[in-house]
Amino acid sequence: RIHVEVGAGIDLHASWWGMVVDGIDDTPGQPGLRLRDTIMEVNGTSLKELEPDDAEQRFADLLGDGAVVLVEPHVELIGMLTSENPFDQEALQGDLTRFSGDWGVQLQVQPGNGPCHGRIILEGTQSAVKAAKAELENLMQFYVNT
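The following refers to the structure shown. (Residues numbered from 1 in each chain as written. Predicted model: local features only at pLDDT ≥ 70, side-chain atom pairs only at ≥ 80, totals over all residues. Heavy atoms only, no water.)

1. Section: the overall build of the protein chain
And step 1. When helices and strands are counted, the protein chain shows three helices and eight strands.
And step 2. Starting at the N terminus and walking to the C terminus, you meet the elements of the protein chain as β-β-β-β-α-β-β-α-β-β-α.
And step 3. A total of 146 residues make up the protein chain; the buried ones form 34% of that total.
And step 4. Partitioning the contacts of the protein chain with sequence separation of at least 6, the portion at a separation of at least 24 is 56%.
And step 5. Counting every atom, the protein chain has about 8,600 Å² of accessible surface; 49% of that belongs to carbon and sulfur. (Helix = DSSP H or I, 4+ residues; strand = E, 2+ residues; numbered from the N terminus. Buried < 20%, exposed > 50% of the residue type's maximum accessible area, 1.4 Å probe, protein only. Contact = heavy atoms within 4.5 Å. Areas by Shrake-Rupley, 256 points an atom, 1.4 Å probe, with all protein chains shown as cover.)

Structure, rendered in structure tokens:
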């Protein structure tokens, strides 16, 4: 929906995967759209793998009342990191920061009970989380086995 005076009524930022929804105004409202969802295509044209300025411009050029958008949900995957030996929390955080940038996802590590445990939250678009999951498991195995 596009309102003559307020436009689409959504706040967005560009990511490697498309345009991420940061806010949705009541007017005109966007039924079915949720915060942190990602608009991947507009009218069949992909917004994926573009530089931020290019994604924003392409989105602005294509969006209009009645435009057909492909939206992918934001998902969270939660896992536990448990090791018999303490692991280097600082090194892990550095690796996860690099991993996040490489895969276009967000990662959080929450300390668990003691230096051998932690909770890891992987989040992003459904495609990004699905694509990153196996590689994240490999990275976590390195910390569990050292």
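2. Regarding the pattern of salt bridges
Pairing between side chains becomes possible if they bear opposite charge and their charged atoms approach one another.
And step 1. Under the defined criterion, the tally for this structure stands at five salt bridges.
And step 2. Ionic pairing is found between Glu-76 and Arg-36, a salt bridge with its closest N-O pair at 3.6 Å. One end of the pair, Glu-76, is in strand β6 (residues 74–82); the other, Arg-36, is in the loop between β2 (18–24) and β3 (38–42), with 40 residues separating them in the sequence.
And step 3. For Arg-36, a relative accessible area of 40% puts it in the partly exposed group.
And step 4. Shared partners join several salt bridges into a network, and the residues in it are Arg-36, Glu-76 and Glu-123. (Salt bridge = Lys/Arg side-chain N within 4 Å of Asp/Glu carboxyl O.)

3. Section: the packing of aromatic side chains
When we look at a pair of aromatic rings, we describe it by the centre distance and by the angle of the planes.
And step 1. Considering all chains together, one arrives at two aromatic pairs under this definition.
And step 2. Centroid distance Trp-16 to Trp-17: 4.8 Å. Interplanar angle 80°. Geometry classified as edge-to-face.
And step 3. Here Trp-16 falls in the partly exposed class, since its relative accessible area comes to 43%. (Phe/Tyr/Trp six-rings, centres within 6.5 Å; stacked < 30°, edge-to-face > 60°.)

4. Here's the deal with the sheet that holds strand β8 (residues 117–125)
And step 1. Taken in spatial order, the three strands line up as β6-β8-β7 in an open sheet, and their pairing is antiparallel. Two strands lie at the open edges of the sheet, namely β6 and β7 (106–111), each paired on one side alone. Neighbour-to-neighbour, the strand axes of this sheet turn through a mean angle of 20°, independent of strand direction.
And step 2. Sheet topology places β7 next to β8; six bridges connect them, and they run antiparallel. Counted as the bridge partner of Val-109 is Ile-120 from β8.
And step 3. On the sheet, helix α2 (residues 89–103) packs against β6, β7 and β8 and is oriented at approximately 160° with respect to β7.
And step 4. Contacts from helix α3 (residues 126–144) reach β6, β7 and β8, with the element oriented near 160° to β8. (Pairing = 2+ DSSP bridges. Axes fitted to C-alpha atoms, helices over the stretch in contact; angles between N-to-C directions.)

5. Details of the side chain of Thr-125
And step 1. Along the chain, Thr-125 falls in strand β8.
And step 2. The residues touching Thr-125, leaving out its near neighbours within four places in the chain, are Trp-17, Thr-38, Glu-72, Pro-73 and Val-75.

6. Thoughts on the pairing of β3
And step 1. For β3, the buried fraction is high: four of the five residues fall into the buried class.
And step 2. One ladder, built from two bridges, connects β2 with β3; its direction is antiparallel. By the bridge assignment for β3, Val-20 is matched with Thr-38.
And step 3. Pairing analysis gives four bridges linking β3 to strand β5 (residues 69–72), with the strands arranged antiparallel. The partner of Val-42 across the bridge, within β5, is Val-69.
And step 4. In this sheet, strand β4 (residues 45–46) lies alongside β3 in antiparallel orientation, the contact comprising two bridges. The residue bridging Val-42 from the neighbouring strand is Thr-45, located in β4.
And step 5. The loop that links β3 with its antiparallel partner β4 comprises two residues; one of these, Asn-43, has a positive phi angle of about 50°.

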